[in-house]
Amino acid sequence: MTDALPGLALCCVVTASAYALEAVESAVLGRAWLESLVLAILLGTAIRTLLGIEQRFEAGIQVGAKLLLEIAVVLLGASVSARSLLENGIGLIGGIAAVVAIAIALSFAIGRAFGLPRKMAILIACGNSICGNSAIAAVAPVIDADGQDVAAAIAFTAVLGVVVVLVLPLMVSLLLFSPVQFGVFAGLTVYAVPQVLAATGSVAVSSVHVGTLVKLVRVLMLGPVVLTLSLFAPREGASRPALSHLVPWFIAGFLLLLALRSFGAIPAAALAPAREAANFFTIMSMAALGLGVDARAVLRAGGRVAAVVVLSLLGLAAVSFALIKLLGIA
């Protein structure tokens, strides 16, 4: 664990800088136009892209980007009530499953239309429609995907995921979304759970809660999708997915704390510290996420891959917007 200390220290420096820049914004401009969540990503990405990162920092950056964000997601469960999702009924849960299914089919069709190999198209479709890199990593061994295809898919979704986090809040006024509508939209379109926190954190607390719940339901679709693919995967070279890939520990932890909160088993005095800790770990993990992203990876991923991922994301956004209107979510 000591080898992670330099990278974690760098994440702390980026996080502190993000807090400081937000304070300067508030003092000079009267309000923070860019929240510390977003600033942490931008600073980290700028450092990686422009200056590069020494090898001794890599272990800590990986811990920050993975473990810290997972802890943040678990802690968030203590501040979320299941009522937020249940108020919209079973229709929303069924709608999430439908969006995932439609998005996978649409994205796969786009990939094949652009001439991508079948396995590459499946990787992009699942990554785009469910949970980005995690879905790609879970699906790859099941379909016996080529390592270069996996790397290209992950490289572009990593960069595009950051872009989506920065751009999505601008859609609130453009599409006349309420905080709850935006939470549902973010949960349906953003790649990763922590990125949902970053995208919704600057809008409203209700957006964070609803977005996280919707996103977690969407992530749980990974299990049925991977199991379905495993039925059609070639037996030679393919492998069955591990249970931890289908239901990651932090999702189980989030759902446990959510249940405890919903049944009143968490003391009220513990809720505020849990929220603060979740917020800090989220910002620090966003710093680590930025430090792990080289913006130049977009160019290395290739034009066809870039076009397929962008068009697939736009298709997912259109389907998600249609679901919000269809269900009449206010």
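Everything below is about the structure shown above.
Residues numbered from 1 in each chain as written. Predicted model: local features only at pLDDT ≥ 70, side-chain atom pairs only at ≥ 80, totals over all residues. Heavy atoms only, no water.

When its secondary structure is counted, the chain shows 18 helices and zero strands. Counting over 330 residues, the chain shows a buried share of 51%. Contacts in the chain between residues at least 24 apart in sequence constitute 79% of all its contacts with a sequence separation of at least 6. Just so you have it, the chain exposes about 14,400 Å², and 71% of that area is on carbon and sulfur atoms. (Helix = DSSP H or I, 4+ residues; strand = E, 2+ residues; numbered from the N terminus. Buried < 20%, exposed > 50% of the residue type's maximum accessible area, 1.4 Å probe, protein only. Contact = heavy atoms within 4.5 Å. Areas by Shrake-Rupley, 256 points an atom, 1.4 Å probe, with all protein chains shown as cover.)

At their nearest, the axes of helix α10 (residues 179-189) and helix α12 (residues 205-220) sit 7 Å apart, and the two run at 30° to each other. When the axis of α10 is compared with that of α12, the two are roughly parallel. In the packing of α10 onto α12, the handedness of the crossing is right-handed. Between α10 and α12, the residues in contact are Pro-179, Val-180, Phe-182, Gly-183, Val-184, Gly-187, Leu-188 and Thr-189 and Ser-206, Ser-207, Val-210, Gly-211, Val-214, Lys-215 and Arg-218, respectively. Classifying every residue of the contact of α10 with α12 gives seven nonpolar, six polar and two charged. (Axes fitted to C-alpha atoms, helices over the stretch in contact; angles between N-to-C directions. Parallel < 35°, antiparallel > 145°, perpendicular 65-115°, else oblique. Left-handed = near helix turned anticlockwise from the far one by under 90°. Nonpolar A, V, L, I, M, F, W, Y, C, P; charged D, E, K, R; others polar.)

A few words now on helix α3 (residues 58-76). Spanning 19 residues, α3 covers 27 Å between terminal C-alpha atoms, matching the ideal 27 Å at 1.5 Å per step. A maximum bend of about 30° is found in α3 at Gly-64. Of all the positions in α3, only Glu-58, Gly-60, Ile-61, Val-63, Gly-64, Leu-68, Leu-69, Glu-70, Ala-72, Val-73, Val-74 and Leu-76 are classed as buried. (Expected span 1.5 Å × (residues − 1). Bend = angle between axes of the 7 residues up to and from the residue.)

Geometrically, a pair of aromatic rings is defined through the distance of the ring centres and the angle of the planes. Following the criterion strictly, the structure yields three aromatic pairs and no others. Relative to Phe-185, the ring of Phe-177 lies with its centre 5.1 Å away and its plane at 45°, an arrangement referred to as tilted. According to the relative accessible area criterion, Phe-185 is buried, its value standing at 4%. Look at Phe-177 and Phe-321: their rings are 6.0 Å apart centre to centre, the planes differ by 50°, and that puts the pair in the tilted class. Here Phe-177, found in the loop between α9 (171-174) and α10, pairs with Phe-321, found in helix α18 (residues 303-327); they are 144 residues apart in sequence, far enough to count as distant. Taking relative accessible area as the criterion, Phe-177 reaches 6% and is therefore assigned buried. Its relative accessible area of 29% is what places Phe-321 among the partly exposed residues. Here the aromatic residues Phe-177, Phe-185 and Phe-321 are joined through ring pairs into a cluster of three or more. (Phe/Tyr/Trp six-rings, centres within 6.5 Å; stacked < 30°, edge-to-face > 60°.)

Let us look at helix α16 (residues 268-291). Taking 1.5 Å as the rise per residue, α16 with 24 residues should run 34 Å; its terminal C-alpha atoms sit 36 Å apart, in good agreement. Burial in α16 covers these residues: Leu-271, Ala-274, Ala-278, Thr-282, Ile-283, Met-284, Ser-285, Met-286, Ala-287, Ala-288, Gly-290 and Leu-291.

Moving on, we come to the side chain of Glu-58. When you line up the elements, Glu-58 lands in helix α3. Here Arg-48 takes part through its side chain, which lies 3.1 Å from a polar atom of the side chain of Glu-58. Beyond its immediate sequence surroundings of up to four residues, Glu-58 is in contact with Arg-48 and Ile-53. (Polar contact = N/O pair within 3.5 Å; in protein donor to acceptor, adjacent residues only side chain to side chain.)

On to unusual backbone geometry. One non-glycine residue, Leu-176, lies in positive phi territory at about 55°. Looking at where Leu-176 falls in the secondary structure, it is placed in the loop between α9 and α10. You can call Leu-176 exposed: its relative accessible area is 69%.

Let us look at the pattern of salt bridges. Summed over all chains, the structure comprises two salt bridges. Note that Glu-54 and Arg-56 form a salt bridge whose closest N and O atoms lie 2.8 Å from each other. Overall, Glu-54 belongs to the partly exposed group, its relative accessible area being 47%. (Salt bridge = Lys/Arg side-chain N within 4 Å of Asp/Glu carboxyl O.)

Here the focus is the nonpolar core. One recurring pattern in soluble globular proteins: nonpolar side chains tend to sit buried together. Membership of the largest hydrophobic core comes to 76 residues, with the highest contact counts inside it found for Leu-123, Ile-124, Ile-130, Val-139, Leu-168 and Val-184. With nine residues, the top contributor of residues to this core is α18. Every residue in contact with Leu-123, bar those within four places of it in the chain, is listed here: Ile-136, Val-139, Ala-140, Ile-143, Ala-145, Asp-149 and Val-150. (Core = buried A, V, L, I, M, F, W, Y, C linked by side-chain atoms within 4.5 Å.)

What follows deals with the environment of Met-286. Note that Met-286 resides in helix α16. The class for Met-286 is buried, based on a relative accessible area of 0%. Spatially, the C-alpha atoms of Met-286 and Ala-40 are 5.9 Å apart, while their sequence positions differ by 246 residues.

On to the side chain of Ser-107, then. Note that Ser-107 resides in helix α5 (residues 89-113). One polar contact links Ser-107 to Ser-312, side chain to side chain, over a distance of 2.8 Å. Once residues within four sequence positions are removed from consideration, Ser-107 is found in contact with Ile-124, Ala-125, Asn-128, Val-308 and Ser-312.

Further remarks concern the packing of helix α6 (residues 118-131) against α18. Two elements in contact, α6 and α18, have axes whose closest approach is 10 Å; the angle formed by their N-to-C orientations is 40°. When the axis of α6 is compared with that of α18, the two are oblique. Crossing angle aside, the handedness with which α6 passes α18 is right-handed. Residues Met-120, Ile-124 and Asn-128 of α6 pack against Val-305, Val-308, Val-309, Ser-312, Leu-313 and Leu-316 of α18.

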